[in-house]
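In case you want the letters, here they are:
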Amino acid sequence: MQQDTRMVPCPDGRELAVCEWGDPAGAPVMELHGTPGSRLSRHHDEGAYRRAGVRAITYDRPGYGRSPRQPGRTVASAALDVAAVADALAIDTFAVVGWSGGGPHDRELLEALESGEGLGSGYELPDSDRESIAAPDRRRVLLEATREALAPGGWGSVDDDVAFTQPWGFDPAAITVPTQIWFGEEDTLVPAHHGRWLADDIPGAQRRVLREGHLAADEYVQELYSWLAAG
């Protein structure tokens, strides 16, 4: 069950809206939502977290949901926010997973989901993504998360996209922790070459190549969460 939203203070005076899912006594995993997304972005089957022994922690990144905007933020700015959440929850060690982040859906996603037209006519989605979006539970979670994400407007997505085109604030080649890069060969929103680039640039990164599209990893979460929980 979703816990009540709690507000976590940041050193700069902002607050972040946080939720938890799965096993409260499980291995902590910070989940960073996509563009757009919110603390309500989670797997549609919460049992997947429990079966893997995971305590999933989600939060509204700046400009989404109940978390105020942080103009000028970089990709690396998220590290300080994740640290603030971990400190507030008294968590010393945790895994991190990030989903998507590159799909410029904004309000078209919400409107398309409500109208039953998938992700809109501007994208040629593979059959695997269309089938995933058509599933009632998956659709319900997408709608909840996207409505909450865009409630204050579209600035979260704008700031995301600006951050992606600027220096990230860190060098992927400097990453030393165990890392897996998952991507779908048929992804039309975040092309597979993005995943290959990251896997090539992060030392020792394992690549998990799926044959499906953008939402493919949703079907393999048991494997992913189990790996994250094993730490």
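So, how was this worked out
Residues numbered from 1 in each chain as written. Predicted model: local features only at pLDDT ≥ 70, side-chain atom pairs only at ≥ 80, totals over all residues. Heavy atoms only, no water. Helix = DSSP H or I, 4+ residues; strand = E, 2+ residues; numbered from the N terminus. Contact = heavy atoms within 4.5 Å. Areas by Shrake-Rupley, 256 points an atom, 1.4 Å probe, with all protein chains shown as cover. Pairing = 2+ DSSP bridges. Axes fitted to C-alpha atoms, helices over the stretch in contact; angles between N-to-C directions. Core = buried A, V, L, I, M, F, W, Y, C linked by side-chain atoms within 4.5 Å. Buried < 20%, exposed > 50% of the residue type's maximum accessible area, 1.4 Å probe, protein only. Phe/Tyr/Trp six-rings, centres within 6.5 Å; stacked < 30°, edge-to-face > 60°. Lys NZ or Arg CZ within 6 Å of the ring centre and 35° of its normal. pLDDT = per-residue confidence, 0-100.

**A look at the overall build of the chain**
- Along its length, the chain carries eight helices and seven strands.
- The long-range share in the chain, meaning contacts at least 24 apart out of those at least 6 apart in sequence, stands at 75%.
- Total accessible area computed for the chain in this model is approximately 11200 Å², and 53% of it derives from carbon and sulfur atoms.

**Some remarks on the sheet that holds strand β4 (residues 54-59)**
- Reading across the sheet, the five strands line up as β1-β2-β4-β3-β5 and stay open at both edges, with mixed pairing between neighbours. Among the strands making up the open sheet, the edge pair consists of β1 (6-9) and β5 (95-98). Neighbouring strand axes in the sheet, compared pairwise and without regard to direction, differ in orientation by 35° on average.
- Relative to strand β2 (residues 15-22), β1 runs antiparallel, the two being bridged by four bridges. Within the sheet, the bridge partner assigned to V8 lies in β2 and is L16.
- Sheet strands in contact with helix α8 (residues 221-230) are β3 (27-32), β4 and β5, and its direction is about 150° off that of β5.

**Here we look at the nonpolar core**
- Within the largest apolar cluster, 20 residues are counted, with the highest numbers of intra-cluster contacts made by W21, V29, Y49, V54, Y225 and L228.
- Going through the elements one at a time, β2, α1 (47-52), β4, β5 and α8 are the ones with two or more residues in this core.
- Of all the elements, α8 adds the most residues to this core, at four residues.
- Contact partners of L228, with chain neighbours within four places excluded, come to V29, A95, V96 and V97.
- Judged by nonpolar contacts, the second largest core, of 15 residues, contains V8, L16, Y59 and I91.

**Quick look at the environment of G101**
- Along the polypeptide, G101 turns up in the loop between β5 and α3 (106-115).
- With 56 residues separating them along the chain, G101 and S157 place their C-alpha atoms 8.9 Å apart.
- Once you skip the residues sitting within four places of it in the chain, G101 turns out to touch G34, T35 and F164.

**Focus on the packing of aromatic side chains**
- Following the criterion strictly, the structure yields three aromatic pairs and no others.
- Between Y49 and Y225 the ring centres are 4.8 Å apart and the planes differ by 35°, which places this aromatic pair in the tilted class. In this pair, Y49 is assigned in helix α1 and Y225 in helix α8, connecting sequence segments 176 residues apart.
- Assessed through its relative accessible area of 0%, Y49 is described here as buried.
- Here W168 and W197 contribute two aromatic rings whose centre-to-centre distance is 5.8 Å and whose plane-to-plane angle is 85°, an arrangement assigned as edge-to-face. Here W197 lies in helix α7 (residues 192-201) and W168 lies in the loop between α6 (155-165) and β6 (180-184), a separation of 29 residues in the sequence.
- Here W197 falls in the partly exposed class, since its relative accessible area comes to 40%.
- Note that R208 overlies the ring of Y220, its terminal NZ or CZ placed 5.3 Å from the centroid.

**A short note on unusual backbone geometry**
- That bond from T35 to P36 is cis: its omega, -5°, falls within 30 degrees of zero.
- Residue position: P36 is located in the loop between β3 and α1.
- The phi torsion at A90 lies on the positive side, around 60°, for a residue other than glycine.
- Within the secondary structure, A90 sits in the loop between α2 (77-88) and β5.
- On the basis of relative accessibility, which here comes to 67%, the residue A90 falls in the exposed class.

**Some points on the confidence of the model for the chain**
- Taken residue by residue, the chain gives an average pLDDT of 87. The fraction at 70 or more is 89%.
- Scored below 50 in pLDDT, residues 107-115 shows 21 contacts in the model against residues more than four places distant or in partner chains.

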